Every structure is written in structure tokens, then in C-alpha cells.
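Results of the structural survey
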Amino acid sequence: MPFLPPNLPTLRPCSSSSTFFKKLRFVSMADETHFNSPKTHIENDPKSAINYPVPLSPPLPLISKDIELSRSMTASSKSSLFSLCRSHVLFEDDCLLAVCKPQGVYCEAVLASVPSLLSQLDTQKKQPEFHLANRLDRDTSGVMLITKSHKVAAKLVKAFTDHKVKKTYIASCTGAAPNWQCINIESGHGRSKFGAWRVYATSDVGRKLPGGSVVRDMATMFEVLSINRQCCTKDSSELENVKEKFMVVEEKSVTDFGERKDEIVVRAYPRSGRTHQIRLHCQYLGISIKGDVKYEGVYEWKGKLYAHHELHAESLTFEHPVTGLPVVIHAPLPLWASEAL
């Protein structure tokens, strides 16, 4: 007879599946209340009772998971077939190449197609060492800068790190028309417990996060260009009289997510280089970018479905890493921006 350990508890099947789903529902409700918890929480593990900062922006919407998966598959297919042509080139010399990246293409695909482009242009005999000087999100279009040597790449990396490269972006958003013409917003930035990028309080900068990283500073200036296709831009003399609003983030955003939404086009001037920075700050300000389902942007607007978010890297301004001369690179506006301005 086989050996049976004594005093084992009897395992009984659940009387119905409803009990199981009730437990799941309870866990889901607990996760939901995490966002509404006090500013700090303590991990359940008593051995690592660390007070972690709590994000001030909402978690990723459930709808974003399937849409983002579909978009990434489409982008992978598109990127595998992508190749640069002369019309993509915005600037080129012996050290640098600037191109206009289209929406829905990964940066790596753009970089991989550079040798083929330069061989067609026959600009250099020796094969350079190409490096990405800046990166754009998959669905963000606009200026992408590529270096042709390790030395130049190192200098530009330092320039970006030291915030000596000025960048501008154009974004088409929806929400309640803002009561400001220009605003400077400062906050914290980091990955939450579940790996998503979130906005944190400015006072949390430097504090440790669950994954081992820390909250870092994040600052952006926004200028309203148009509301409902009515131009709001001002010339240089008028801008001197415009009062800039300053916002230092310490609390959760209070925004109006009613049915009535305005169409707002803004120019963004990021003063730091955090991942998804402009997208996160737009969400916090209550003017999420069209098509940016990850950060509460509309998937459908006035009968149109959005396959991408409407964010464009408009310009880069920096000192040439070799000559020291000023370089200003502009990417032409996409159709959606031209129509809205």
C-alpha cells in the first residue's frame, strides 16, 4: 500500500465558479483603489517595508492594451519594408545626418536603412559608424538625428544630457480649452509598480521606486497655437505681454472629462528628455494627444479613427559638435498639423 502522509487537509472543489470570480473581482477592486490610496504605501513584505511614492497620473486604460498590440504589429510589418529616400533627408554633412521619420516606423528601422541611402547618394567612400543621437516614439514623426562616428555621437549625447539641445514638438489634443496661453509644468517622472511611465510629485524626485529606479525631474513648456482651428499664436511683441503660468505638480490633476471637448494644438518645449514626457504632461493638463490611447487620448474623434497619436518632432537646435556653429533643423509639418493651424 502506498504511503499517505497523515493529517493532510481534504481538497474540495469549489461549489460554483461564482466564488472564484468574486475573488478575482475583489483583487481587481483592490488594484483600482491603489490609485486612490494615500501618497505613500508600504509593501506587504515586512522585510522590505519601504515607503514608495504614489503616481499622480492615472494607470493605463484597459482599451490601450489591444490597440497598442495591433499598432505594434502593424509598425513591425511597416518597418521591415521601410527604406529611406532622398525626400526624407533634412540635413547632411560629414558628421551628421538628419531625416524626417514617418509615423508608425521604429527608429531602428530608420537607422538600418541609412547605409543604403548614403550609398545611393555616394557622399562618403568609407562606411561611417552610425548612431542614433535622439529617439522618437514609434508613432511620433519628425526630426531624427544620426551621427557618423563614435566621437561625434559622444559629444551629442553630452549635449542632450546637459540640455544644450533645444527641441520643439507640435501636438494635436482634445479636452477643455485651457485658460492659459503659455504654461511651464514641472513634475516627477518614473515607472510605477506595474512598469508604466507615470507622473509623480515634484517633491518625490530622487525617491526610490519599486523597480529599483528613482523618480527623476521632468519639465515642459507648452504654448497654445490654436483652439478649434482658430489661431491663438502671437507675434514676438505680443508674446512679451503674455503671462506665463507656472505649475509645480504636487497633487493629482483635476480635469474635466465631460462629453464636450475642444480641439487644441500646442507647441511643446521639453526642458528635459524623459520617456513619453510630452504625452504624460498633456495627459496631466487634461489635453491628451489625439490617438494616444495609452494616456487617455481619444481613439475616435468626430467620426475619424486614429491609427497613431498626433505628435510631431518639429525642430532641433544645437551647436555643431565639430565646427561649433549653430545648427537649426526643421521637419515639415504633417498634414494634420497644417490643417489645424
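Report on the accompanying structure. (Residues numbered from 1 in each chain as written. Predicted model: local features only at pLDDT ≥ 70, side-chain atom pairs only at ≥ 80, totals over all residues. Heavy atoms only, no water.)

Following the criterion strictly, the structure yields two cavities of 30 Å³ or more and no others. Computed from the structure, the second largest cavity encloses a volume of approximately 30 Å³. Residue lining of the second largest cavity: Asn134, Leu136, Val143, Lys167, Tyr169, Ala313, Ser315 and Leu316, and that is the complete set. Of all the elements in the fold, those that place two or more residues in the lining of the second largest cavity are strand 7 (166–175) and strand 16 (311–319). The dominant element in the lining of the second largest cavity, judged by the number of residues it contributes, is strand 16, at three residues. Taken together, the residues of the lining of the second largest cavity sort by class into five nonpolar, two polar and one charged. (1 Å grid on protein atoms, 1.4 Å probe; cavity = no way out; pocket = protein on both sides within 12 Å on 5 of 7 lines; lining within 4 Å. Points joined across faces, edges and corners; volume = space filled by probe spheres on them. Helix = DSSP H or I, 4+ residues; strand = E, 2+ residues; numbered from the N terminus. Nonpolar A, V, L, I, M, F, W, Y, C, P; charged D, E, K, R; others polar.)

Side chains three or four residues apart in an α-helix point the same way, a direct result of the helix having 3.6 residues per turn. The terminal C-alpha atoms of helix 5 (residues 150–161), which comprises twelve residues, lie 16 Å apart, in line with the 16 Å expected from a rise of 1.5 Å per residue. The set of residues buried in helix 5 consists of Val152, Ala153, Leu156, Ala159 and Phe160. Around the axis of helix 5, the buried residues are gathered within 125° of arc, so they sit on the same side. Turned more than 90 degrees off the buried face of helix 5, the exposed positions are Lys151, Lys158 and Thr161. Taken together, the buried residues of helix 5 touch strand 4 (96–101), strand 5 (131–132), strand 6 (141–147), strand 7 and strand 16. A positive phi of about 60° marks His163, the residue just after helix 5. (Expected span 1.5 Å × (residues − 1). Buried < 20%, exposed > 50% of the residue type's maximum accessible area, 1.4 Å probe, protein only. Arc of directions from axis to C-beta. Contact = heavy atoms within 4.5 Å.)

Attention shifts here to the layout of surface pockets. In this model, the largest pocket occupies a volume close to 1100 Å³. Of all the secondary structure elements, the ones that give two or more residues to the lining of the largest pocket are helix 5, strand 7, strand 8 (182–191), strand 10 (216–227), strand 13 (262–270) and helix 7 (277–284). In terms of residues, the lining of the largest pocket owes the most to one element, strand 7, which gives four residues. Tallied by class, residues from the lining of the largest pocket come to 15 nonpolar, 13 polar and nine charged.

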